[in-house]
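Each chain is listed here by its residues.
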Amino acid sequence: MVWILLSGLVLYAPLQAQRFVSEARMEYAVVPMPAPGQEKVAEAYGNSTFTVWLKGNDMRTDFENPIRKQTVLFKIAEKKVTLLREAGNEKFQWNLEHSEWIKLQEKYRGAQWQEEPDVKEINGYLCRKAIIVLSDSSRIDLFYTRQVQPLNRSFAPLFELVPGIPVSYRLIHEGIPFEFSLQALQTLPVPSAVFDLPAAGIKIIKAPDWEPEN
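Residues numbered from 1 in each chain as written. Predicted model: local features only at pLDDT ≥ 70, side-chain atom pairs only at ≥ 80, totals over all residues. Heavy atoms only, no water.

A. A look at the nonpolar core. With 45 residues, the main nonpolar core has Met26, Trp101, Ile132 and Leu142 as its most contacted residues. Ranked by residues supplied to this core, first place goes to strand S15 (residues 176–186) with five residues. Ranked by size, the runner-up nonpolar core spans six residues in total, among them Trp53, Leu84, Val190 and Phe195. (Core = buried A, V, L, I, M, F, W, Y, C linked by side-chain atoms within 4.5 Å. Buried < 20%, exposed > 50% of the residue type's maximum accessible area, 1.4 Å probe, protein only. Helix = DSSP H or I, 4+ residues; strand = E, 2+ residues; numbered from the N terminus.)

And the structure:
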């Protein structure tokens, strides 16, 4: 099978060849998987999405749900990271040096990659299973594909270990497991405006006066 392209949208079709991309937009659906007793808390995270934008060395991630939107802008060449957060009418901005961002991602340092024998098709992608074991011994199970290779994976320290892109994975946040599944992958050129900072209406907070949660 081959990739089917329609206006830059990559339609799901199994293939074996690798494709390297420097510009892309990846959208994941995020579904909470609460244990008994966690249902009320999990409701606040319903209809969440996680979007990744790649453009050369510039990257952006958006995590959005009914109660909050968080954006992280990465300027790799400048070694700058900007975190934006909206909750209701409140809007905040943190300007972080690369070293400060690395500190916030401390829990991912020393993570170990374990390849598993499982192989299956998910949403048209041929996927392999792997486990990422963090320094605190917690683990992240994921299926990933080698068919699409981003040239820069620095947008997510956790996934720098992945030899491709994650298609399905689970993370635990505030004690609740969340399942992320890739819904769309676009390879049209990403507009530079995607990486522009807000011009006004946002409160700038100097780290570490109020450290953002990662």
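B. Focus on the packing of aromatic side chains. Under the counting rule described, the total for this entry stands at six aromatic pairs. The interplanar angle of 65° and the centroid separation of 5.4 Å between the aromatic rings of Trp113 and Tyr144 together place this pair among those described as edge-to-face. Placement of Trp113 in strand S10 (residues 112–122) and of Tyr144 in strand S12 (residues 139–145) is noted, with a sequence separation of 31 residues between them. Of the residues examined, Trp113 reaches a relative accessible area of 24% and is grouped as partly exposed. (Phe/Tyr/Trp six-rings, centres within 6.5 Å; stacked < 30°, edge-to-face > 60°.)

C. Main features of the layout of surface pockets. Of the volumes computed, that of the second largest pocket is approximately 170 Å³. Lining the second largest pocket are 13 residues, with Arg60, Thr71, Leu84, Glu86 and Pro198 positioned closest to its centre. Of all the secondary-structure elements, those providing two or more residues to the lining of the second largest pocket are strand S7 (68–75), strand S8 (80–87) and strand S9 (90–97). Among the residues making up the lining of the second largest pocket, the classes are represented as six nonpolar, one polar and six charged. (1 Å grid on protein atoms, 1.4 Å probe; cavity = no way out; pocket = protein on both sides within 12 Å on 5 of 7 lines; lining within 4 Å. Points joined across faces, edges and corners; volume = space filled by probe spheres on them. Nonpolar A, V, L, I, M, F, W, Y, C, P; charged D, E, K, R; others polar.)

D. Representation of the pattern of salt bridges within the structure. Evaluated as defined, the whole model comprises seven salt bridges. The residue Arg60 makes a salt bridge to Asp62 at a minimum N-O spacing of 3.0 Å. With respect to burial, Arg60 and Asp62 carry one shared label: buried. The salt bridge involving Arg170 is made with Glu179; its shortest N-O contact spans 3.1 Å. Arg170 gets classed as partly exposed once you look at its relative accessible area, which sits at 39%. Owing to a relative accessible area of 25%, Glu179 belongs among the partly exposed residues under this scheme. (Salt bridge = Lys/Arg side-chain N within 4 Å of Asp/Glu carboxyl O.)

E. Highlighting the pairing of S12. Extensive coverage of S12 is indicated by the burial of five of its seven residues. One ladder, built from six bridges, connects strand S11 (residues 125–133) with S12; its direction is antiparallel. Following the sheet pairing, Ala130 is matched in S12 by Leu142. Counted along the chain from S11 to the antiparallel partner S12, the turn is five residues long, and its residue Ser137 has a positive phi close to 75°. Where S12 and strand S14 (residues 165–173) come together, four bridges link them in antiparallel fashion. Bridge pairing in S14 links Tyr144 to Pro166. (Pairing = 2+ DSSP bridges.)

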